[in-house]
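# Coordinates in review
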Amino acid sequence: MTGLAVSAETAPVPTPTVATVLELFTSQGCASCPPADEVLEQFAKRPDILALSLPVDYWDYLGWKDTLANREFTLRQKAYANARGDRQIYTPQLIVNGRTHVVGSDRVAIEDALKAEMPLGVPMRMSMTADAIHVAIGPNVDPSAPKERKGTIWLALYKRHIDVPIRKGENQDRTLSYYNVVTKLRPIAMWRGDATKVDLPMSEYNQADADGCAVLLQAETVNGEPGEMLGAAFVEKGAEW
C-alpha cells in the first residue's frame, strides 16, 4: 500500500451514482462468450452501472491462450463460487454486486437480477487531478447493516475497448471486441465503516495506460472470500464509446 494516503473524514459524501457492479468472467477460447461481451458493452455505457470484464485462463487448453486472461481473475471467480457454496464456475458468467450469478449473454436474466438488487448502500465518489486520483468513501448509511461493518477497498484499472483477432480455438478467425477489460485488480486499503478518503498516485494509472479507474468497496465472508459489494465509483478518460 505504498504511496497511499488514507484519512478519516466526518463530512458525508453524496449518494452513490453507481448502483450496481457487474463482473463478467469471459474467455477468448469460449464460443459462447462473444454474445456476452457484446451485452456487457451496452451495460458499460450506463452511468449507474460499473460493468467490468475479467478474462479467465481455464479454457486455454482448448487451443488458444487468452491474451487478456489473468490467473487472479480465475481465482476470484472460484472464490465467488466457494462463497455461494454452489461451485458453479462457467463462462460467460456474470456476477451482480458480488452476490447473484447469471449467464452473461442472457440480457433478460441480467435485467431481472438488476431489478432484484438493492442499490449499493455506501456512498462513494472519485475525482482525478494531475498527480492523484481522489476517492471519498462515505460512512455506512444502511440502517439494517451491522454496526461493525467493514470491507476491502479494491483498485481496478481497465481498458475501455480492445479488439483481439483469434487465430485458433473455438473462435478461430474471428476478431472479438472486449469492453472495460480489467488489467489490474488489487486491494489498496480497509474500510471500517467511517467516512474515509484515499489518494492514489497517478503514476500507476499512467504506467498501466488505462482508460478507466474504478474503486470497489467489498465485504468479505468469514472465510475471506469476496462477498457483497457495498459501494463503487469510477473515473474515465474523456474518450467517447
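The preceding data block contains the structure.
## A few points about the packing of aromatic side chains
- Under the criterion given, the structure shown has three aromatic pairs.
- Both rings, one in F25 and one in Y80, keep their centres 6.3 Å apart while their planes meet at 75°; by these two values the pair is edge-to-face. With F25 in strand β2 (residues 20–26) and Y80 in helix α2 (residues 71–84), this residue pair connects regions lying 55 residues apart in the sequence. Like F25, the residue Y80 is buried in the burial classification.
- For the pair W59 and Y61, a centre-to-centre distance of 6.2 Å together with 45° between the ring planes defines the contact as tilted.
- Residue classification places Y61 among the exposed residues on the basis of a relative accessible area of 63%.
- The rings of Y58, W59 and Y61 are connected pair by pair, giving a single aromatic cluster.
- When the ring centre of W154 is taken as origin, the NZ or CZ atom of R76, which lies over that ring, is 5.3 Å away.

## Overview of the nonpolar core
- Counting 24 residues, the largest nonpolar core has V135 and I153 as its most contacted members.
- Elements supplying a minimum of two residues to this core: β6 (124–128), β7 (132–137), β8 (151–166), β9 (174–191), β10 (195–201), α4 (202–207), β11 (212–220) and β12 (226–236).
- Looking at which element gives the most residues to this core, the answer is β11, with four residues.
- Counting 20 residues, the second-largest nonpolar core is a separate cluster that includes V18, A156, Y158 and V182.

## Observations regarding α2
- Helix length check: α2, at 14 residues, gives a terminal C-alpha distance of 20 Å against a target of 20 Å (1.5 Å per residue), a fit within 8%.
- Considered for burial, the residues of α2 that qualify are F73, T74, R76, Q77, A79, Y80 and A81.
- Where α2 starts, the residue carrying a side-chain oxygen 2.8 Å from the main-chain nitrogen of E72 turns out to be N70.
- Immediately beyond the C-terminal end of α2, within one or two residues, lies G85, with a positive phi of roughly 85°.

## What to know about empty space enclosed by the protein
- The tally for this structure, following the rule as stated, stands at one cavity of 30 Å³ or more.
- Here the largest cavity defines a volume of roughly 40 Å³.
- Looking at the largest cavity, the residues that line it are I133, L155, L157, L200, P201, E204, Y205 and C213.
- Those elements that place two or more of their residues in the lining of the largest cavity are β8, β10 and α4.
- For the lining of the largest cavity, a count of residues per class yields seven nonpolar, no polar and one charged.

## Examining the packing of helix α1 (residues 33–44) against helix α3 (residues 107–116)
- Interaxial distance between α1 and α3 falls to 11 Å at its minimum, and their mutual angle equals 35°. Read as a crossing pair, α1 and α3 show a hand that is right-handed. Contacts between α1 and α3 pair V39, Q42 and F43 from the former with R107, I110, E111 and L114 from the latter.

## Here we look at the side chain of D211
- Its location among the elements puts D211 in the loop between α4 and β11.
- Setting aside residues no more than four positions away along its own chain, D211 makes contact with Y158, K159, R160, H161, Y205, E236 and K237.

## A few points about the layout of surface pockets
- Considering only enclosed or pocket space, the largest pocket measures out at about 210 Å³ in volume.
- Lining the largest pocket are 16 residues, and of these E72, L75, R76, W154 and L185 lie nearest its centre.
- Of all the secondary-structure elements, those providing two or more residues to the lining of the largest pocket are α2, β9, β11 and β12.
- The leading source of residues in the lining of the largest pocket is α2, at five residues.
- Across the lining of the largest pocket, the residue classes break down as eight nonpolar, three polar and five charged.

How each quantity is defined
- Residues numbered from 1 in each chain as written.
- Predicted model: local features only at pLDDT ≥ 70, side-chain atom pairs only at ≥ 80, totals over all residues.
- Heavy atoms only, no water.
- Phe/Tyr/Trp six-rings, centres within 6.5 Å; stacked < 30°, edge-to-face > 60°.
- Helix = DSSP H or I, 4+ residues; strand = E, 2+ residues; numbered from the N terminus.
- Buried < 20%, exposed > 50% of the residue type's maximum accessible area, 1.4 Å probe, protein only.
- Lys NZ or Arg CZ within 6 Å of the ring centre and 35° of its normal.
- Core = buried A, V, L, I, M, F, W, Y, C linked by side-chain atoms within 4.5 Å.
- Expected span 1.5 Å × (residues − 1).
- Polar contact = N/O pair within 3.5 Å; in protein donor to acceptor, adjacent residues only side chain to side chain.
- 1 Å grid on protein atoms, 1.4 Å probe; cavity = no way out; pocket = protein on both sides within 12 Å on 5 of 7 lines; lining within 4 Å.
- Points joined across faces, edges and corners; volume = space filled by probe spheres on them.
- Nonpolar A, V, L, I, M, F, W, Y, C, P; charged D, E, K, R; others polar.
- Axes fitted to C-alpha atoms, helices over the stretch in contact; angles between N-to-C directions.
- Left-handed = near helix turned anticlockwise from the far one by under 90°.
- Contact = heavy atoms within 4.5 Å.

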